[in-house]
Amino acid sequence: MLEINNLHASVDGKQILKGIDLKVSSGEVHAIMGPNGSGKSTLSTVIAGHEDFEIDKGEILFEDEDLIDFNTEERAHKGIFLSFQYPVEIPGVTVTNFIKTSINQMRKANGLDEMPANVMLKKIREKSDLLKIDSKFLSRSLNEGFSGGEKKRNEIFQMAMLEPKLAILDETDSGLDIDALKIVANGVNMLRNDDTAVVLITHYQRLLDYIVPDFVHVLSDGKIVKSGNKNLAIELEAKGYDWVK
Amino acid sequence: MDFKEKLISSFMVFEQDIDLSNPVHEIRSRSLKKFEEKGFPNKKQEAWKYTSLAKILKSDYGIFQKKEVTIELKDVQKYFLYEIDTYKIVFIDGIYSPFLSDTTHDGLDVCLLSAALTNPKYKSLINKYFNKISDKTDSLTLLNTSFSMEGAYIYLPKSVTAEKPIEIMHFSTGKQGDFFLQPRNLIIVEENAEVQILERHQSLSNHRPFTNSVTEIYAKDSSRIDYYKIQNDREEAYLIDNTYISQNTKSNVHVHTFSFGGEITRNNLNFYQNGENCNSTLNGLTIINATQHVDHYTLVSHAQPNCESHQEYKGIFSGKSVGVFNGKILVDKIAQKTNAFQQNNNIVIDDRATINTKPQLEIFADDVKCSHGCTIGQLDEEALFYLRTRGIPINEARGLLTYAFANNVLDSVKIPKLKSRINQIISSKLEIKIRHEL
Amino acid sequence: MAYTEEELKKELETKEYEYGFYTDIESETFPKGLNEETVIAISKRKNEPDWMLEWRINAFNAWKKMEEPDWANINYKRPDYQDISYYSAPKKKEKYKSLDEVDPELIETFNKLGISIDEQKKLSGVAVDIVMDSVSVATTFRDTLEKKGIIFCSISDAIKEHPELVKKYLGTVIPPKDNFFAALNSAVFSDGSFCYIPKGVKCPMELSTYFRINQAGTGQFERTLVIADKGSYVSYLEGCTAPSRDENQLHAACVELIALDDAEIKYSTVQNWYPGDKHGNGGVFNFVTKRGICHKNSKISWTQVETGSAITWKYPSCILKGNNSIGEFYSIAVTNNFQQADTGTKMIHIGKNTKSTIISKGISAGKSQNSYRGLVRVNPGAKNARNFSQCDSLLMGNSCGAHTFPYIEAKNNSAQIEHEATTSKIGEDQIFYCNQRGIDTEKAIALIVNGFSKEVLNKLPMEFAVEAQKLLEISLEGSVG
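Keep in mind the model is a prediction, meaning the values are calculated, not measured. (Residues numbered from 1 in each chain as written. Chains lettered and ligands numbered in written order. Predicted model: local features only at pLDDT ≥ 70, side-chain atom pairs only at ≥ 80, totals over all residues. Heavy atoms only, no water.)

(A) Structural context of a positive patch on the surface. Residues and elements named next belong to chain B. Positive charge collects at one region of the surface, where K34, K38, K132 and K136 lie side by side. Take K136: it is sitting in the loop between α6 (123–129) and α7 (139–146). Judged by relative accessible area, K136 falls into the partly exposed class, the value being 33%. (Patch = residues over 30% accessible without salt bridge, like charges linked within 9 Å, V, L, I, M, F, W, Y side chains within 5 Å. Areas by Shrake-Rupley, 256 points an atom, 1.4 Å probe, with all protein chains shown as cover. Salt bridge = Lys/Arg side-chain N within 4 Å of Asp/Glu carboxyl O. Lys, Arg positive; Asp, Glu negative; His and termini not counted. Charge placed at Lys NZ, Arg CZ, Asp CG, Glu CD. Helix = DSSP H or I, 4+ residues; strand = E, 2+ residues; numbered from the N terminus. Buried < 20%, exposed > 50% of the residue type's maximum accessible area, 1.4 Å probe, protein only.)

(B) Examining empty space enclosed by the protein more closely. Residue and element names in this part refer to chain B. Per the stated rule, a full pass over the model turns up 9 cavities of 30 Å³ or more. Its volume calculated, the largest cavity comes out at about 120 Å³. Going through the elements one at a time, β5 (166–172), β8 (194–203), β9 (209–219), β10 (224–231) and β11 (238–247) are the ones with two or more residues in the lining of the largest cavity. Broken down by element, the residue count for the lining of the largest cavity peaks at 3 residues, all from β8. Looking at the lining of the largest cavity, its residues break down into 6 nonpolar, 11 polar and 1 charged. (1 Å grid on protein atoms, 1.4 Å probe; cavity = no way out; pocket = protein on both sides within 12 Å on 5 of 7 lines; lining within 4 Å. Points joined across faces, edges and corners; volume = space filled by probe spheres on them. Nonpolar A, V, L, I, M, F, W, Y, C, P; charged D, E, K, R; others polar.)

(C) The arrangement of the sheet that holds strand β5 (residues 65–66) of chain A in detail. All names here are of chain A. On the basis of which strands lie adjacent, the open sheet formed by 4 strands has the order β2-β1-β4-β5 and antiparallel pairing. Each having just a single partner strand, β2 (14–24) and β5 make up the two edges of the open sheet. Where strand β1 (residues 2–11) and strand β4 (residues 53–62) come together, 8 bridges link them in antiparallel fashion. Looking at the pairing, I4 lines up with I60 of β4. (Pairing = 2+ DSSP bridges.)

(D) Spotlight on α7(B). Summarising burial for α7(B): 8 of the 8 residues are buried, a large majority. Buried within α7(B) we find S139(B), L140(B), T141(B), L142(B), L143(B), N144(B), T145(B) and S146(B).

(E) Broad picture of the interface of chain A and chain C. Across the boundary between the two partners, chain A contributes 35 residues, which contact 20 residues of chain C. In total, chain A and chain C occlude about 2300 Å² of area from one another, counting both sides; carbon and sulfur atoms represent 63% of this. Among the residues of chain A in contact with chain C, E73(A), F84(A) and V88(A) are the three that bury the most area, contributing 22% of the side total. Counting across the chain A and chain C interface gives 1 salt bridge. A salt bridge links R437(C) to E155(A); the nearest nitrogen and oxygen atoms lie 3.0 Å apart. For the interface between chain A and chain C, the tally reads 12 residue pairs in polar contact (both at pLDDT 80 or more). Elements with a contribution of two residues or more to the side of chain A that touches chain C: α1 (40–48), α2 (72–77), β6 (80–83), β7 (90–94), α3 (95–109) and α6 (148–162) of chain A. Considering every element that reaches the side of chain A that touches chain C, the biggest residue donor is α3(A), with 6 residues. Each residue belonging to the side of chain A that touches chain C can be placed in one class, and the counts come to 15 nonpolar, 15 polar and 5 charged. (Contact = heavy atoms within 4.5 Å. Buried area = accessible area lost by both parts, 1.4 Å probe. Polar contact = N/O pair within 3.5 Å; in protein donor to acceptor, adjacent residues only side chain to side chain.)

(F) Quick look at the pattern of salt bridges. Residue and element names in this part refer to chain A. Under the definition given, this model contains 42 salt bridges over all chains. R140 is paired through a salt bridge with E150; the nearest N and O atoms lie 3.4 Å apart. Here R140 is found in the loop between α5 (135–138) and β8 (141–142), whereas its partner E150 is found in helix α6, with 10 residues between them in sequence. Across the pair D214 and R192 runs a salt bridge whose closest N-O atoms are separated by 3.9 Å. With D214 in the loop between β10 (197–202) and β11 (215–220) and R192 in the loop between α7 (178–191) and β10, this residue pair connects regions lying 22 residues apart in the sequence. On the accessibility criterion, D214 (33% relative accessible area) is partly exposed.

(G) How the structure looks around the interface of chain B and chain C. Contacts between chain B and chain C engage 35 residues on the former and 33 residues on the latter. Counting the surface lost from both chain B and chain C, the interface buries some 2700 Å², and carbon and sulfur atoms represent 46% of this. Broken down residue by residue, the surface that chain B buries against chain C is led by D366(B), I376(B) and Q378(B), which jointly contribute 21%. Here chain B is connected to chain C by 0 salt bridges. Viewed at the interface, chain C and chain B are joined by 21 residue pairs in polar contact (both at pLDDT 80 or more). Put simply, the parts of the chain that give the side of chain B that touches chain C at least two residues each are β19 (354–363) and β20 (369–377) of chain B.

(H) A look at the pairing of strand β8 (residues 223–228) of chain C. Residue and element names in this part refer to chain C. Within β8, 6 of the 6 residues are buried, leaving the element largely enclosed by the surrounding structure. Covered by surrounding structure in β8 are R223, L225 and I227 together with T224, V226 and A228, the residues of both alternating faces. When strand β6 (residues 193–197) meets β8, the two strands line up parallel, connected through 4 bridges. Residue F194 lies in a different strand from β8, and its bridge partner there is L225. Alignment of β8 against strand β11 (residues 254–259), held across 6 bridges, turns out to be parallel. In the strand pairing of β11, V226 is matched with L257.

Right, here's the structure in full:
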C-alpha cells in the first residue's frame, strides 16, 4: 500500500529525513519510534503533503502512484489520514459541520453524491457512541478550548468517520490518561482490517500494549536504524534509545 | 495680544541672544513659520477632540527669565531620588542650575542641550539627530523647536551601561508669575548601551507653569532604555509632553508614565520601530480627582517585521476628573509577524468623572497578532463583599482593591526606591495606608 | 495533479458579479441635475401634499449649505451632484393590485435575483416590498397584514394614506439636517418602505424590501420608516443589488426605526450592491444613515452583512432613550479587490439600565480597506449602562488593510463598558489541516470565514442566513493567495 524509497526531505534548507525506506502492506500495523527530533513528525507531515517540506530525493508510493504529483487534499481523497500531533483550532466551525464538509468533499472528489443528512447523522451518532463522545462535544467549535485528550479523541473520531485506507497517527497517545488511551486504541483497532493499514508514530511503548504492531521501526537522525517485531519496542523501553544509536 | 501673537513677536527677542549662524537656527525659524500657520491645536482636530487648550491659553505667561532664581537643596531634596546616587540635570524656571546638578562627561555624556548645540565637538551628532524624528506637523512640537535651547543632552556610547539612573528635573518657582517653559531633550543610546532615566516637572509655589516639552530618543541596535515620567505636579500646572522614540534592531524601550498631578496633562508618546525584533513597552497609571484632566495619546508605528509592542494604561478617576486615552497601533505592510497589544482599563469612582477612550488599530499586514481591549467599570462588588466578610471595613476594602488594580503597573519599575516612592504617592492619592515591603 | 493556485486565481478573476445584469424596462427618468425645481418636480410627480414638499425644500436648503464629510477612512472621487438623475421609475405604472399585473420583464428581473415573488408568496411567508430604481413596484401580502392592522406599503403610499403617522415620525430620528447625505435624501427621496405595527401586535411574518438600482446615471435615495407601537414586534429584512456599470452609482438612503415602549424591532440587511470590477472601476457609493430610537423597555437589533458597494459609509445606530432599553449591532463586512468600507455603529445611552452589544466582523481581501468605526456614549443620567463590544478583523493577503476606530465616552460612574478587538489572518496550519481532511483551499477558506462570522450569521433570519453565507463565499472568491 505505502512504499517509501530512499526518502530525503528538508525544511528551510535543513535536511531532516536522510534516506527512509519503509514498506507498509494492507492489513499491517507499523509503529515508528524514536527520540525527539529524529524526524518522526516530519515523516508523517511529508506523507500528508505539507508544502513547507521539500523532497530532495527518493519517492513515496501509495498504491503504486507517486504521491509527489498530488497535493494534500488529493492525498486525503485517496484515503490517507493523518491524526495531528497538535490538532488545529478553527473557531466558529463545529465538529459536526467540519466532518460533514470533509466527508462530502471526499465523496465529491471520488465522484459520489453528498451523503444524505440522515445517513450522516446516524453515522455520527454511531461513531461518537463507540468513542464515548458526548453529543454536546459535537456542537463545539473545532478544537477550540479542547483539552489535550479531547483533541486527540476528536482526531480518532474523524478517522472513524472518514474510514481511510491508511491512517498515520502522530503521537496520538501523548497527553492521554489511561482511560482515554484505551478509547483511542479501541478506535484504531476498529479500523483494522485486511484492507487498511496503520502507522503509529510514538515516543513510548505504552500505546503498543493496546494496539499491537506487526512491525516496529526505530527512527534516529532521519533514518530507520532498526526494524523488528513488537519485542523491539519492549527492548527499546528497557534499554533506551541510546542503545540503537 | 493673544498668546500665539506674543510668542511670535518674542521670537525676535529670542534671536538677540543666540548664534544666528548656527544651522539649528534655520530649523528654529522654519518651525516658527509653520507654527504661525497652524496655531495652537483646537478641539475640531481629531487628535484634540477630547482635550481643549482654551483654558490654558486664556492666561498670560512669561516667556523669558527676568532674573536668576536660586533654591536651597533642602527645600527640594524630596523631589529627587535622594536615597540613591543619581546623575542630575536640574533646571530652575528653565535655567540650568549647576549647584543642584550632577552631570558627567566621563564615559558617557549627561549634560546640557545648550552646550551640545553650541560646542563644535557635538556638531555631527546634532546634525544627525536633532529634530529628526519629531513630528514636523504637530504645532506644539514646532513651537518647542522654534524656541528650543535648553534641556538635557544624554549620550551613551556603544556598549556602555550607565551605572546610575539619570534624573531630569524641572522646577518652576513662580517667582516670575505664570511662566511658559519649553524644555528640549535629546537622548542618544548607541548600540548595546543601557540607561535608566527619570523625568519630572515640579512647581514650587502657587502659580501656573505651562510646560511644552519635547524629547527625542534614539535607541540604536540592542540598546535598552527605561524611561520614567513622574507627573505629580501641583494642581495648577499645565503640561504637554511630546516624546518621540526611534528604535533600531533588537532595541528595547520601556516608557512608564505616572500621571497623578497637574490640572491639564497631555502626553503624546510616539514610538517608531525602524528595525527588526524591537520591543516597545508603554505603561501608564493615572490617578486623578477634582477637575484634573489627563490625556494619553500614543502611537506605536510598526514599520519592520518581527517586532512587539505592549501597552497597558490604567486609570482611576474621581471627582469631576476627565481621563482620555487615544492609542494608535499602526502596522505597515512589511511589518509581518508583528505582535501588538494594547489594554486600557479604567475605574470610575465618582459619577461626575468622564472617560473618553479611543483605542485604534490600523493594520496593513496580514500575518500579525494585534489586539486591544478597554474596560470602564467599578470595583468588583463580590471582591468587596469578600473582603468585608473577612472583617475589613468598606473604605479600607475599597482602597485595597483600588490599590491592587493599580499596583501591577508598578511591577516593571526596575529601580526599587522609585517603586516605593510611587507606591507612597499612590497610597496618598487613594487615601489608604499600605505597608510597603519593597 | 490539481490546478495550481495561479490557475485558480485566473479562473476566479473572470467570475463576474452575479447580479450585474440590466433589465430593459421602459423608464421615466428625470434629466440630470439638482435644484429646487427638481425637488418640486419629484414631489409633484408623486402627488405629495404641501407639507411634504415644504419638508423637502427645507432639507434641500440645508443641504446646499453643507459639505460632504471627509472624516471617514475612505478615498473616492466626490460625486458630481449635478450629474445625477434624481428620479427614475419603471413606466406604465399605476399601482399593481396583484402580481399578475406586473411587467413580465420585472418579474424576470426578480427571478434572476433569486427573489421569486410568486414562490415567496406561497412558500416562505415573507412579505416583500420591491423598490426598483426609485419607486416601489410591488408589495406582497398587503392584505394579509392589513387584517392584523399592520401597515406595510411604500412610503409614497404612506404619505398619502397615513399622513398622520408619517408626519408624526418622519425625520424625528434622523433630522433632515443630520448630515450631508441625510439632508440630500430628505430633499429628493423618491420612495422606500413604510411599516407600522400596532400596539401589542407580533408581526406574523418577516417583512422584506428588495432594492435595485437599474437605470444608468441615476441615484437611489430611498427612505424607510418603521414604527413599532407599544409592545409590538417586527422582523424586517432588506436586500440590495445593482447592475454592473463602469460609472459609480450613488445610493444615499435613510432608515428610521421607532421602537415605542416594550416594542422590538429586528432589522437585517444583506447589502450586495455592485462592488465594482477587479480593477476598481464602477461600483455603488453607499452612503447610508440608519438610526433607531428605543423607548422604555424596547429593543432594536441591527444585523448587517455588507459584501457589496465600492464605498460603504454606514453606521446603523441606536438611541437608547428609554430606561431598560436594549440596542444591538451585529455586522459582517467583507471587502475585496478595491472596495472600501467604513462602517460601525453608535450606541447612545440616555436611559437608565440601558444595554448595548456590538459584534463586528471585518474581513478584508485583495486591495481593499475595511474600517470599523463606532461610538459608545454613556450620558450622565444613564445609570447602570452596560456595553460590550467586540471587533474582530480577518486579513487575507498582504495588500489590504483592517482598521478599528472605537470611540468610547463614559460620563457616568456606574457604567460598565468592555471593548475587545483582535486582528488575525487565516493560519496556514488551519488550511493544511482542512486539506488533510480532503477539503480544498477555496472551501477551507469559506469554512473558516463562516466560522469567524458565525456569531453574526446566527442573528440573521433563516432565509437570509443561507443567502448571506453564499454571498460571503462569492465575495471572497479569488482572494486566495
